[in-house]
Amino acid sequence: MLVYRKGCTACYDLFIELPGPTVEGTHAVAEAYQSVGLRAVVAPMIADQMIYQALPGLLDSFDGPLKEAVAAVSMPDWTDTMAVCTEALGDWPVPPDRVRPGLGPTIPLHCSDDFLTACAGLSADMGIPLQTHLAETRLQQVMAQRKFGTSLTEHLDRLGMLSERFSGAHGVWLSEAEMSLLAHHRAGISHNPMSNLRLGSGIAPVRRMVDAGVGMGIGTDASNTSDGQNMFEAMRLAATLSRAQTPLSQNWISTAQAFEMATCGSARLMGFDRVGQIAAGWAADLVFLDQTYCHYTPQRGTLDQIVFAETGAAVRAVMIAGRMVFAEDQILTLDEGALRARALRAADRITHANADARRMNAAAAEVVEGF
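Because the structure is a prediction, the values reported are computed rather than measured.

Draft legend 1. Summary view of the side chain of serine 163. Note on placement: serine 163 falls in the loop between helix 7 (152-158) and strand 7 (166-170). Look past the residues within four positions of serine 163 in its chain and what remains in contact with it is His185, Arg186 and Ala187.

Draft legend 2. Molecular detail of the pattern of salt bridges. Taken as a whole and judged by the stated rule, the model has nine salt bridges. Residue arginine 186 pairs with glutamate 164 through a salt bridge whose shortest N-O separation is 3.9 Å. On the criterion of sequence distance, the pair formed by arginine 186 in the loop between helix 8 (176-184) and strand 8 (188-191) and glutamate 164 in the loop between helix 7 and strand 7 is long-range, its members being 22 residues apart. By relative accessible area, which is 44% here, glutamate 164 ends up partly exposed. Across the pair aspartate 356 and arginine 359 runs a salt bridge whose closest N-O atoms are separated by 2.4 Å. Of the two residues, aspartate 356 and arginine 359 are both situated in helix 16 (residues 355-370); the distance of three residues between them amounts to about one turn of the helix. By relative accessible area, arginine 359 is classed as exposed at 54%. One continuous salt-bridge network, built from bridges that share partners, spans Glu164, Arg165 and Arg186.

Draft legend 3. Looking closely at the sheet that holds strand 8. Taken together, the four strands give an open sheet; going across it, the order is 6-7-8-9, and neighbouring strands pair in parallel fashion. Taken across any chain shown, the strands that pair with only one partner, and hence form the sheet edges, are strand 6 (130-134) and strand 9 (215-218). In this sheet, neighbouring strand axes are inclined to one another by 30 degrees on average, regardless of whether the strands run parallel or antiparallel. Two elements, strand 8 and strand 9, share four bridges in a ladder whose sense is parallel. Bridge pairing in strand 9 links serine 190 to glycine 217. Together, strand 7, strand 8 and strand 9 form the strand contacts of helix 13 (residues 255-269), whose direction differs from that of strand 9 by roughly 105 degrees.

Draft legend 4. Structural context of the nonpolar core. With 75 residues, the main nonpolar core has Leu103, Leu134, Phe166, Leu182 and Met209 as its most contacted residues. In terms of nonpolar packing, the next biggest core, distinct from the first, is built from five residues, Val41, Ala267, Met270 and Phe272 among them.

Draft legend 5. How the structure looks around the packing of aromatic side chains. Overall, the coordinates contain one aromatic pair when judged by the stated rule. Centroid distance tyrosine 52 to phenylalanine 62: 5.5 Å. Interplanar angle 85 degrees. Geometry classified as edge-to-face. One end of the pair, tyrosine 52, is in helix 2 (residues 51-54); the other, phenylalanine 62, is in the loop between helix 2 and helix 3 (64-72), with ten residues separating them in the sequence. For phenylalanine 62, a relative accessible area of 3% corresponds to the buried category. Directly above the aromatic system of phenylalanine 272 lies the positively charged group of arginine 39, at a separation of 5.3 Å from the ring centroid.

Draft legend 6. Inspection of the environment of isoleucine 320 at higher detail. By secondary structure assignment, the location of isoleucine 320 is in strand 11 (residues 315-320). The exposure class assigned to isoleucine 320 is buried, which follows from its relative accessible area of 12%. Sequence separation between isoleucine 320 and arginine 39 is 281 residues; the distance between their C-alpha atoms is 7.2 Å.

Draft legend 7. Inspection of the side chain of histidine 27 at higher detail. Mapped onto the elements, histidine 27 comes out in helix 1 (residues 23-36). Once you skip the residues sitting within four places of it in the chain, histidine 27 turns out to touch Ala88, Asp91, Trp92 and Pro93.

Draft legend 8. Fine view of the sheet that holds strand 10 (residues 286-289). Spatially, the four strands line up as an open sheet ordered 10-11-12-13, and their pairing is antiparallel. For this open sheet the edge positions go to strand 10 and strand 13 (330-331), each flanked by a neighbour on one side alone. When strand 10 meets strand 11, the two strands line up antiparallel, connected through four bridges. By the bridge assignment, leucine 289 is partnered in strand 11 with valine 315.

Draft legend 9. Focus on the packing of helix 1 against helix 4 (residues 78-90). At a minimum axis separation of 9 Å, helix 1 and helix 4 run at an interaxial angle of 35 degrees. Once helix 1 is placed against helix 4, the crossing between them reads as right-handed. Touching Val23, Thr26 and His27 of helix 1 are Val84, Glu87, Ala88 and Leu89, all from helix 4. In the contact of helix 1 with helix 4, the residues fall into four nonpolar, two polar and one charged.

Draft legend 10. Local environment of the environment of leucine 89. Relative to the elements of secondary structure, leucine 89 occurs in helix 4. Here the alpha-carbon distance between leucine 89 and proline 21, two residues 68 residues apart in the chain, equals 11 Å. In this structure, leucine 89 is in contact with Thr26, Pro44, Pro101, Gly102, Leu103, Met126 and Ile128, ignoring residues within four places of it in sequence.

Draft legend 11. Fine view of unusual backbone geometry. With an omega dihedral of 0 degrees, the bond running from threonine 297 to proline 298 counts as a cis peptide bond. Within the element layout of this structure, proline 298 appears in the loop between strand 10 and helix 14 (302-309). Non-glycine residue arginine 186 carries a positive phi angle of around 60 degrees. Judged by relative accessible area, arginine 186 falls into the exposed class, the value being 62%. The phi dihedral of aspartate 221 falls on the positive side, at around 65 degrees, and the residue is not glycine. With respect to the helices and strands, the residue aspartate 221 is situated in the loop between strand 9 and helix 11 (223-226).

Draft legend 12. Spatial organisation of helix 15 (residues 336-353). For helix 15, which comprises 18 residues, the first-to-last C-alpha distance of 25 Å matches the rise-based estimate of 26 Å (1.5 Å per residue) to within 8%. Its side-chain oxygen at 3.1 Å from the backbone nitrogen of glycine 337, aspartate 335 defines the N-terminal cap of helix 15.

Cut-offs and rules
Residues numbered from 1 in each chain as written. Predicted model: local features only at pLDDT ≥ 70, side-chain atom pairs only at ≥ 80, totals over all residues. Heavy atoms only, no water. Helix = DSSP H or I, 4+ residues; strand = E, 2+ residues; numbered from the N terminus. Contact = heavy atoms within 4.5 Å. Salt bridge = Lys/Arg side-chain N within 4 Å of Asp/Glu carboxyl O. Buried < 20%, exposed > 50% of the residue type's maximum accessible area, 1.4 Å probe, protein only. Pairing = 2+ DSSP bridges. Axes fitted to C-alpha atoms, helices over the stretch in contact; angles between N-to-C directions. Core = buried A, V, L, I, M, F, W, Y, C linked by side-chain atoms within 4.5 Å. Phe/Tyr/Trp six-rings, centres within 6.5 Å; stacked < 30°, edge-to-face > 60°. Lys NZ or Arg CZ within 6 Å of the ring centre and 35° of its normal. Left-handed = near helix turned anticlockwise from the far one by under 90°. Nonpolar A, V, L, I, M, F, W, Y, C, P; charged D, E, K, R; others polar. Expected span 1.5 Å × (residues − 1). Polar contact = N/O pair within 3.5 Å; in protein donor to acceptor, adjacent residues only side chain to side chain.

Encoded structure:
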């Protein structure tokens, strides 16, 4: 079994297990978060269609042996995948107050309608978060119209996917009608600005989503799509990119709004209650910043300085659920040196294990990009 870390949106860990999710692998990820003291939603990122099945006409763009190779790649039957998820998420190995289960059906185009309906049903039955990549690229919306005759969000609404448990990652190409649908169902969007810039997806219409009543969180989408997981950077971009979309300052995302999205907003998308504020009765999740650091000298508009200037350099300690997990420039809950050594060995093993697949993907990339 290979387990790949796919990405994080609003502090979700969406991970892929090949050739399909397993109870053991899902539980191992949950137990790892629990042991290091982090707060997270662990969601298997699942699908039942490959990209060549998901995008009508794509397979016809290939020819020869490469077409035969990509056509032979398949996903497990969705009923088998759902059976594993039901068992893994239902028999959760750690207390769910800090590390919760969730479901991550990937891009809706990569999932059959029956599969998406089953995911929505399991989310409702277990009361767990449900997240999918929604309108991240223009291609997704174009192909949705071709495949379903409607937008992605409208299609998901027809399948009963939208609810207060639902969040979409990105939302770059959402229409006004889709925003209204999400707001009606009290669903949310995780804004991942660095990833959107890195991949050339566009700039999400955050102000319009906020005005429409869509619940907003902020995420990084992980190192593989934004080269880091710096939430301070994500907050700063959420605020500043809004200024590139309009010269009217009243339509910009303020530092207070960006901060709220990254804290309480993201917590709501993850299904956590009373997380994201420093207040009596709320979770003791705290990041301690050094007010003598240059960002805060002199200390004037503290919130503006945190959002616009902080990089993480002034972080001195981190507490999660009342437990100190970082202090004096070191993580207190694991051996970083030993973990780094294991990561390097795993990277080398995966590189060799994936050699053939990487060569095929490199050859296929040109065809897919042209399509």
